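The residues making up each chain are set out below.
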Amino acid sequence: MRIYVLDSSAIINYLNRYYAPGLCYYTTNSVLEEVKSSLSRIRLECSMLRGELRILDPTPEDIEEVVKNAKRTGDFFKLSKTDIEVLALALRLKRGGGDVVIITDDYAIMNLSIRLRVPFKPALMSPISEYREVILVCPVCHYKVRIDEEGGQGVVCPLCGTELKLVIRRRKRIHRSLHKRAMK
Ligand SMILES: [Zn+2]
C-alpha cells in the first residue's frame, strides 16, 4: 500500500488541494505543532478523525541515519528538526515494508530523499532535477571539510583564517523514472 509522508509545507498545500479519501497519510507530531493556521488545523483534525492522517514519530535510530546522511550531502544546516523527523519517519515506514512517498516542497528534503532512496513528490513546486553533495573549501589553501551544523556561511578555515566557500563535490542528474515512480 502506498503511504504518503507529509512535511510542514505539504500538510497545508498538498492535503488541502489533492486530498483523496482512502489513501494513507502520515506525519509527525512536530509537523502538526508547526501548523498554526486554524483552517488547516480544522481540516487536519477532520482527516485524523476519519483515520486517514496518522501521527507517528520516528525512532532515534532513524533520526541518526538521516542526520548522518544529511552531513554527507551537506543539507544538514538547511534542515529543521522537524524536517529531519519527517525524513526519519519515512525511513521507519519504509523499513516496515511500506511503499513510501514523501510529499515536500523543500529542496533540501528532496535532495536527501534521493540519497535515502525514498521517492518524493512536490506539493506545488517542480521537483529538483539534480542531486548534489556540497562541502566547504578554503579558496586560499584548499582545506576541505564536510558541512556540519555550523552551516555554509561565516565558517573560517582553521589553517589560514579565510572564509570557506560552498563547493559542489558531486552532482548527478535525476532520472525521470524516479519522479514517475513517485507520481503514479
Ligand atoms: Zn585555508
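Residues numbered from 1 in each chain as written. Predicted model: local features only at pLDDT ≥ 70, side-chain atom pairs only at ≥ 80, totals over all residues.

**Q** I'd love a proper account of the confidence of the model for the protein, names of residues and values included.
**A** Taken residue by residue, the protein gives an average pLDDT of 87. The fraction at 70 or more is 91%. When pLDDT is averaged over each element of the protein, helix α5 (residues 81–95) comes out on top at 97 and helix α7 (residues 176–183) at the bottom at 63. (pLDDT = per-residue confidence, 0-100. Helix = DSSP H or I, 4+ residues; strand = E, 2+ residues; numbered from the N terminus.)

**Q** Provide a residue-level description of the domain arrangement of the protein, including the pertinent values.
**A** Once the domains are mapped, the protein shows domain 1 (2–127 + 175–183) and domain 2 (131–170). Counting from both sides, the interface comprises eight residues of domain 1 and, opposite them, twelve residues of domain 2. Those elements that provide at least two residues to the side of domain 1 that touches domain 2 are α4 (60–73) and α6 (107–116). A total of three residues in the side of domain 1 that touches domain 2 trace back to one element, the largest contributor, which is α4. Here the residues of the side of domain 1 that touches domain 2 are counted per class, giving three nonpolar, three polar and two charged. (Domains from an automatic or database assignment. Contact = placed C-beta atoms within 7 Å. Nonpolar A, V, L, I, M, F, W, Y, C, P; charged D, E, K, R; others polar.)

**Q** Any chance you could break down α6 for me, citing the residues and the numbers?
**A** For α6, the buried fraction is high: seven of the ten residues fall into the buried class. Taken together, the buried positions of α6 are occupied by A108, I109, M110, N111, L112, S113 and L116. As for α6, its buried residues are in contact with α4, α5, β4 (99–103), β5 (120–121) and β6 (130–137). Looking one or two residues past α6, R117 carries a phi angle of roughly 60 degrees, positive in sign. (Buried ≥ 20, exposed ≤ 12 C-beta atoms within 10 Å, placed from the backbone.)

**Q** Pulling in residues and values, what's your account of the sheet that holds β4?
**A** Pairing is parallel in the open sheet, where five strands are placed in the order β3-β2-β1-β4-β5. At either margin of the open sheet sits one strand with a lone partner, and together these are β3 (53–55) and β5. Sitting on the sheet, helix α1 (residues 8–18) touches β1 (2–6), β2 (24–27) and β4, and the angle it makes with β1 is about 130 degrees. (Pairing = 2+ DSSP bridges. Axes fitted to C-alpha atoms, helices over the stretch in contact; angles between N-to-C directions.)

**Q** Account for the environment of I114, with residues named and values stated.
**A** Note that I114 resides in helix α6. The exposure class of I114 is partly exposed, given the 18 C-beta atoms found within 10 Å. With residues near it in sequence (within four places) discarded, I114 still touches Y131 and I174.

**Q** Give me the lowdown on the sheet that holds β6, citing residues and values where you can.
**A** The three strands lie next to each other as β7-β6-β8, forming an open sheet whose pairing is antiparallel. A single partner strand is all that each edge strand has here, and the edge strands are β7 (144–146) and β8 (165–173). For this sheet, the mean inter-axis angle between neighbouring strands, taken without regard to orientation, is 40 degrees. One ladder, built from three bridges, connects β6 with β7; its direction is antiparallel. The partner of L136 across the bridge, within β7, is V145.

**Q** Break down the pairing of β8 for me, with residues and values.
**A** Within β8, only zero of the nine residues are buried, which leaves the element largely exposed. Where β6 lies against β8, eight bridges are found, and the strand directions are antiparallel. Bridge pairing in β8 links V137 to K165.

**Q** Please provide a residue-by-residue account of the packing of α4 against α5, values included.
**A** One can describe the packing of α4 onto α5 by two numbers: an axis separation of 8 Å at closest approach and a directional angle of 115 degrees. Here α4 runs over α5; the crossing is right-handed. Mapping the contact onto sequence places D62, I63, E65, V66, V67 and A70 in α4 and I84, E85, L87, A88, L91 and R92 in α5. For the contact of α4 with α5, a count of residues per class yields eight nonpolar, no polar and four charged. (Left-handed = near helix turned anticlockwise from the far one by under 90°.)

**Q** Lay out the nonpolar core in plain terms, naming residues and giving numbers.
**A** Formed by 42 residues in total, the largest nonpolar core has its most connected members in V5, L6, V86, L87, A90, I102 and I103. With eight residues, α5 is the largest single contributor of residues to this core. Of the residues that make up this core, three or more belong to each of domain 1 (2–127 + 175–183) and domain 2 (131–170). Ignoring anything within four residues of it in the chain, the contact list for I103 reads Y4, V5, L6, D7, A10, Y14, K121 and A123. (Core = buried A, V, L, I, M, F, W, Y, C linked by C-beta atoms within 7 Å.)

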